Amino acid sequence: PMNIFLFQEIQRFQNVISKVRFTLTQMQLAIKGEVVMTAELQETLDSMFDARVPHYWENTLTGDEFSWRLPTLGLWFSSLLNRDSQYRTWLNHGRPNSFWLTGFFNPNGCLTAMKQEVTRK
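Numbering of residues starts from 1 in each chain and follows the order in which that chain's sequence is written. Owing to the predicted nature of the model, reporting of local features is limited to residues with pLDDT of at least 70; listing and counting of side-chain atom pairs is limited to 80 or more, with chain, interface and lining totals taken over all residues. Side-chain metrics rest on all non-hydrogen atoms present in the structure, leaving aside hydrogens and water.

1. Some thoughts on the packing of aromatic side chains
Phase 1 of the analysis: Side-chain rings of Phe, Tyr and Trp, where Trp is taken by its six-membered ring, are said to pair if the distance between their centres is within 6.5 Å; with planes under 30 degrees apart they count as stacked, over 60 as edge-to-face, and otherwise as tilted. Across all of its chains, the model carries 11 aromatic pairs by this definition.
Phase 2 of the analysis: Centroid distance phenylalanine 5 to phenylalanine 104: 4.9 Å. Interplanar angle 85 degrees. Geometry classified as edge-to-face. In this pair, phenylalanine 5 sits in helix 1 (residues 2-32) while phenylalanine 104 sits in the loop between helix 4 (73-93) and helix 5 (107-120), placing the two residues 99 residues apart along the sequence. Of the two residues, phenylalanine 5 and phenylalanine 104, both sit in the buried class.
Phase 3 of the analysis: Look at tryptophan 68 and phenylalanine 105: their rings are 5.7 Å apart centre to centre, the planes differ by 55 degrees, and that puts the pair in the tilted class. Helix and strand assignments come from DSSP, with helices taken as H or I runs of at least 4 residues and strands as E runs of at least 2, each series counted from the N terminus. Only protein chains enter the accessibility calculation, which uses a 1.4 Å probe. A residue is then buried if its area is under 20% of the maximum for its type, exposed if over 50%, and partly exposed in between.

What follows is the structure in structure tokens.
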């Protein structure tokens, strides 16, 4: 159960990274004049200038939560790096002795997976 939980967390994390990478790549092309500067790109650029997290990095088009919510872009990016570190450590060195629960998309899923593993032993 914990491996399935980790897999789901990493899938969601990869979606966030893909969205950020795509947006930043498109923004570079728009600044060069190679693609049209859409309203989404302009809003993202304005948010970054104001040190706010771009709306499209936190929410889907329908308004559902896509990633974690933090007040500034710096805190959001630090959280991204900390989450990446937690996942990489787990993958490369095995399951850690303790977890940063708020660093998961679904902390309840982690607790449920732990309960399932304990009761199955």
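2. A short note on helix 1
Phase 1 of the analysis: Take the number of residues in a helix, subtract one, and multiply by 1.5 Å to get its expected span. For helix 1, which comprises 31 residues, the first-to-last C-alpha distance of 45 Å matches the rise-based estimate of 45 Å (1.5 Å per residue) to within 8%.
Phase 2 of the analysis: Listed as buried for helix 1 are Met2, Phe5, Leu6, Glu9, Ile10, Phe13, Val16, Val20, Thr23, Met27 and Ala30.

3. What about the nonpolar core?
Phase 1 of the analysis: By size, the foremost hydrophobic cluster in this structure holds 20 residues, and its most contacted members are Val16, Trp68, Trp76 and Tyr87.
Phase 2 of the analysis: Taken together, the elements giving at least two residues each to this core come down to helix 1, helix 4 and helix 5.
Phase 3 of the analysis: A total of seven residues in this core trace back to one element, the largest contributor, which is helix 1.
Phase 4 of the analysis: Here a residue-residue contact requires only that any non-hydrogen atoms of the pair lie within 4.5 Å. Residues within four places of valine 16 in sequence aside, it is in contact with Phe66, Ser67, Trp68, Trp76, Leu80 and Phe105. As used here, the term nonpolar core means buried Ala, Val, Leu, Ile, Met, Phe, Trp, Tyr and Cys residues forming a set that is joined through side-chain atoms within 4.5 Å.

4. Some remarks on the pattern of salt bridges
Phase 1 of the analysis: When a carboxyl oxygen of Asp or Glu is within 4 Å of a side-chain nitrogen of Lys or Arg, the pair counts as a salt bridge. Going through the model one piece at a time under the given rule, you end up with five salt bridges.
Phase 2 of the analysis: With its nearest N and O atoms 3.4 Å apart, the salt bridge here joins lysine 19 to glutamate 40. Taken together, the residues span a long stretch of sequence, with lysine 19 in helix 1 and glutamate 40 in helix 2 (residues 39-49) at a distance of 21 residues.
Phase 3 of the analysis: On the basis of relative accessible area, lysine 19 is assigned to the partly exposed category, the value being 24%.
Phase 4 of the analysis: You can call glutamate 40 partly exposed: its relative accessible area is 25%.
Phase 5 of the analysis: Glutamate 65 is the salt-bridge partner of arginine 69, the closest N and O atoms lying 3.5 Å from each other.

5. Some details on the side chain of serine 67
Phase 1 of the analysis: When you line up the elements, serine 67 lands in the loop between helix 3 (55-58) and helix 4.
Phase 2 of the analysis: Within 3.5 Å is the distance limit for a polar contact, defined as a pair of N or O atoms, with the added protein rule that one can donate a hydrogen and the other accept it, and that residues adjacent in sequence qualify only through two side-chain atoms. Within the local environment of serine 67, its side chain forms a polar contact with the side chain of tryptophan 76, the two groups lying 3.3 Å apart.
Phase 3 of the analysis: Those residues in contact with serine 67 that lie beyond four places of it in its chain are Val16, Trp57, Glu58, Trp76 and Phe105.

6. Describing the packing of helix 1 against helix 2
Phase 1 of the analysis: Lines fitted to the C-alpha atoms define the axes, with helices restricted to the stretch that makes contact. Angles between their N-to-C directions range from 0 to 180 degrees. At a closest axis distance of 10 Å, the pairing of helix 1 and helix 2 adopts a crossing angle of 100 degrees. Taken as axis vectors, helix 1 and helix 2 run roughly perpendicular relative to one another. Contacts between helix 1 and helix 2 pair Lys19, Thr23, Leu24, Gln26, Met27 and Ala30 from the former with Glu40, Leu41, Thr44, Leu45 and Met48 from the latter.
Phase 2 of the analysis: Taken together, the residues of the contact of helix 1 with helix 2 sort by class into six nonpolar, three polar and two charged. Convention used here: angles under 35 degrees read as roughly parallel, angles over 145 as roughly antiparallel, angles from 65 to 115 as roughly perpendicular, and any remaining angle as oblique. Polar here means any residue other than Ala, Val, Leu, Ile, Met, Phe, Trp, Tyr, Cys and Pro, which are nonpolar, and Asp, Glu, Lys and Arg, which are charged; Gly is therefore polar.

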